[in-house]
Amino acid sequence: MFKKVLIANRGEIALRVMQACRELGVRTVAVYSTADRDSLHALYADEAVCIGPPPSSESYLKLSSLIPAAEITGADAVHPGYGFLAENAHFAEVLGECSIGWIGPRPETIRLMGDKAAARRTALKAKVPVLPGSEDPLPDARTAEKLAGKVGYPIILKAAAGGGGRGMRVVRRKEELAGQLATAREEAEKAFGDGSIYLEKYLTRPRHIEFQVFGDSHGNVIHLGERECSIQRRHQKLLEESPSPALDDELRRRMGESAVRLCQEVGYQNAGTIEFLLDEDGKFYFMEMNTRIQVEHPVTEMVSGVDLVRLQIEVAAGARLTIPSGLPARGHAIECRINAEDPERFRPSPGKITTFHAPGGPGVRIDTHAYEDYVIPPFYDSLVGKLIVHDKDRPAAIARMARALEFFVIDGIKTTIPLHQEILEDEAFRAGDLSTHFMERFLEERAARRELEGGEEPEGE
Ligand code: MV4
């Protein structure tokens, strides 16, 4: 086992990783920017190193500060958390050259899956279903038009270097394709320094269902069931649950086997997520692979009973997986992301938390770095914490979440707690009738209802 792990992250995930290290008897090194001096992750770690000023580019993303921090403190491994450098193959590679362990997949796997067109080709090779589309990046508009004609409109253009919804364009008619391709290329070139674009048949109302996978360094690969992540806005997930109300045992088995097959194809090691789109008639398609621990990992932990972060550290240190693949979920778990945001306008609401009372009781978990008098800095993402509940089935978990949200008091800043309370009351949500367009419909209906009730529609800009 590692003796000392440097956690290259901040906020709730830094604390989450630190707690797993403690249970394993591993010492911890925190890194922090000057904006995070009073953060719990810096205070709770055995050692803490200041790595620079507030902007991420000068602190949490800065290899030339992080690597010396690991060297000087004698850390023998780095856990990257999620975001920041978690999917940076170069960082993993440089650490390897310095003989510092990496708690994540091999750099070549990170690089392969980071190229979304290459990931698609790998899925094809592993006989994992993908949507009809291009095997290679599109060389020109004529090729794109020919291919789009074959797969049928609507189609979607995606940046090979993108992912998570960045640099995507839906095209509904042939006449729009050349123009959209040019714009997509320009945007991708600007955002990622790589203008490679591929295309796929576009599904109009899919669900986003992702499988938690794990591989060890001995060739074993397992899956730990799925998460339903359809409730999102502008590619930011709001609420996740496991299991998905859309899967039966048979579909779960087939999707799980596909996820495992793809991992075996690349000799996957450590924690990962295979994202699928599921269409209305129960057909599923590989979308992307994320080569990191995800924000929403706790819902899987609750229904599987597995500490995924501990398992990441153990597997990185050479342990063998002993958990069987595809065990049935125990009960139902839901996570609500509590963001420091105005729930009406979705704008960040940083500042000082003046009151903080967290709910408790059986089946209630909170992963947070927040506390009373904590000041949320404006420099990073707005996640203040995650409220996770577990109960015997979906209706019971919904009731438990509604209660927990009611007893969660955060004053001084605006949070998404009221938004979650409204989602939990929504009929389609309660029926498990979800798609990636759920929030669009929900927000439209909310606005219409308010207009009818004659209440003041909150003013926009
Ligand atoms: C799609 C799609 C429909 N058809 N691809 C969005 C995030 C990125 N990972 C890919 N995304 C999508 N790809 C095809 N062929 C719809 C989406 C999509 C979406 C996916 C998951 C969750 C929310 C979404 C919201 C809008 C679009």
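Residues numbered from 1 in each chain as written. Predicted model: local features only at pLDDT ≥ 70, side-chain atom pairs only at ≥ 80, totals over all residues. Heavy atoms only, no water.

Novice: Let's hear about the overall build of the protein: which residues, and what values?
Specialist: In terms of helices and strands, the protein carries 15 helices and 20 strands. The C-alpha atoms of the protein give a radius of gyration of 22 Å, which matches the 23 Å a tight globule of 461 residues would have. Scored against the burial criterion, the 461 residues of the protein give a buried share of 55%. Of the accessible surface of the protein, which amounts to about 19500 Å², a share of 49% is contributed by carbon and sulfur atoms. (Helix = DSSP H or I, 4+ residues; strand = E, 2+ residues; numbered from the N terminus. Rg over C-alpha atoms; globule rule 2.2 N^0.38 Å. Buried < 20%, exposed > 50% of the residue type's maximum accessible area, 1.4 Å probe, protein only. Areas by Shrake-Rupley, 256 points an atom, 1.4 Å probe, with all protein chains shown as cover.)

Novice: Explain the environment of glycine 318 residue by residue, including any values.
Specialist: Looking at the secondary structure, you find glycine 318 in the loop between α11 (308–316) and β14 (332–339). Here glycine 318 is in contact with Ser217 and His218, once residues within four sequence places are set aside. (Contact = heavy atoms within 4.5 Å.)

Novice: Tell me about the nonpolar core, and name the residues and values.
Specialist: Counting residues in hydrophobic clusters, the biggest one holds 35 residues, and the most contacted among them are Ile231, Ile338, Ile353, Ile423, Phe429 and Phe438. When residues of this core are traced back to their parent elements, those giving at least two are β11 (236–242), β14, β19 (383–391), α12 (394–406), α13 (417–425), α14 (427–430) and α15 (438–452). The leading source of residues in this core is α12, at five residues. Formed by 29 residues, the second largest nonpolar core is a distinct cluster that contains Ala20, Ile222, Ala271 and Val295. (Core = buried A, V, L, I, M, F, W, Y, C linked by side-chain atoms within 4.5 Å.)

Novice: Could you give me a rundown of the site of the ligand, with the residues and numbers involved?
Specialist: Around the ligand, the structure places 18 residues, and the nearest of them are Lys158, Glu200, Lys201, Leu203 and Glu288. The separation between a nitrogen atom of the ligand and a polar side-chain atom of lysine 158 is 2.9 Å. Glutamate 288 has a polar side-chain atom sitting 2.8 Å from a nitrogen atom of the ligand. Summarising the interface, the protein chains cover 93% of the accessible area of the ligand, which totals 520 Å² for the free molecule. Put simply, the parts of the chain that give the shell around the ligand at least two residues each are β6 (155–163), β8 (197–201), β12 (270–278) and β13 (284–290). When grouped by side-chain class, the residues that make up the shell around the ligand number seven nonpolar, six polar and five charged. (Near = heavy atom within 4 Å. Polar contact = N/O pair within 3.5 Å; in protein donor to acceptor, adjacent residues only side chain to side chain. Nonpolar A, V, L, I, M, F, W, Y, C, P; charged D, E, K, R; others polar.)

Novice: Kindly report on the packing of aromatic side chains, identifying the contributing residues and their values.
Specialist: Inspection of every chain in the model, using the stated rule, returns nine aromatic pairs. Look at phenylalanine 91 and tryptophan 102: their rings are 5.7 Å apart centre to centre, the planes differ by 85 degrees, and that puts the pair in the edge-to-face class. Of this pair, phenylalanine 91 sits in helix α4 (residues 89–97) while tryptophan 102 is found in strand β5 (residues 101–102), placing the two residues 11 residues apart along the sequence. Its relative accessible area of 1% is what places phenylalanine 91 among the buried residues. (Phe/Tyr/Trp six-rings, centres within 6.5 Å; stacked < 30°, edge-to-face > 60°.)

Novice: Any details on the state of the cysteines? Residues and values, ideally.
Specialist: A full pass over the atoms with the stated rule returns zero disulfides. This cysteine, cysteine 21, is not joined by any disulfide, and cysteine 98 carries the nearest cysteine sulfur, 20 Å off. Classification of cysteine 21 as buried rests on a relative accessible area of 0%. Free cysteine cysteine 336: the closest other cysteine sulfur is in cysteine 229, separated by 13 Å. Cysteine 336 gets classed as buried once you look at its relative accessible area, which sits at 0%. (Disulfide = S-S within 2.5 Å.)

Novice: Lay out the packing of helix α1 (residues 11–23) against α11 with the relevant residues and their values.
Specialist: Following both chains from N to C, one finds α1 and α11 inclined at 60 degrees, their axes separated by 9 Å at the closest point. Put simply, α1 runs oblique to α11. Between α1 and α11 the crossing geometry is right-handed. Seen from α1, the contacting residues are Arg16, Val17, Ala20, Cys21 and Glu23; seen from α11, they are Leu308, Val309, Arg310 and Ile313. Each residue belonging to the contact of α1 with α11 can be placed in one class, and the counts come to six nonpolar, no polar and three charged. (Axes fitted to C-alpha atoms, helices over the stretch in contact; angles between N-to-C directions. Parallel < 35°, antiparallel > 145°, perpendicular 65-115°, else oblique. Left-handed = near helix turned anticlockwise from the far one by under 90°.)

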